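An overview of the molecular structure
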Amino acid sequence: MNFKKGQLVLYKGINGYEIGKIKRIRNDGKAFVWYHSGDTAALTDFDLLQPIINDYCIQDLINKEVSDDEQLF
């Protein structure tokens, strides 16, 4: 899989999934990825990452209001 600098990714860890952003890519199949708002990035193997393909709509999804009284069926 091809990853690129600045790409949003999903990491499957022991306790669940985390969203990250690739800071820097190495030539050995690993990348430094931010998983939080600090400046430290964790070295992560590409095999543990999945690309997020709808990153263009993340902010819109976060801003959506969810009403308890909406019927889904």
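Residues numbered from 1 in each chain as written. Predicted model: local features only at pLDDT ≥ 70, side-chain atom pairs only at ≥ 80, totals over all residues. Heavy atoms only, no water.

Helices and strands together make up the secondary structure of the chain, namely one helix and five strands. Listing each helix as α and each strand as β along the chain from the N terminus yields β-β-β-β-β-α. Relative to its length of 73 residues, the chain is extended, with a C-alpha radius of gyration of 15 Å against a globular reference of 11 Å. Principal axes of the C-alpha set define a box for the chain whose edges measure 50 × 25 × 25 Å. Partitioning the intrachain contacts of the chain with sequence separation of at least 6 by distance along the chain shows that 26% fall at a separation of at least 24. The average position of the 9 basic charges and that of the 11 acidic charges among the side chains of the chain differ by 14 Å. (Helix = DSSP H or I, 4+ residues; strand = E, 2+ residues; numbered from the N terminus. Rg over C-alpha atoms; globule rule 2.2 N^0.38 Å. Contact = heavy atoms within 4.5 Å. Lys, Arg positive; Asp, Glu negative; His and termini not counted. Charge placed at Lys NZ, Arg CZ, Asp CG, Glu CD.)

Our next topic: the sheet that holds strand 3 (residues 30–34). Read across the open sheet, the five strands follow the order 4-3-2-1-5; overall the sheet is antiparallel. Of all the strands in the sheet, just strand 4 (42–45) and strand 5 (49–51) have a single pairing partner and so form its edges. For this sheet, the mean angle separating the axes of adjacent strands, direction not counted, is 50°. Note that strand 3 and strand 4 share four bridges and pair antiparallel. When the bridges of strand 4 are listed, F32 appears paired with L43. (Pairing = 2+ DSSP bridges. Axes fitted to C-alpha atoms, helices over the stretch in contact; angles between N-to-C directions.)

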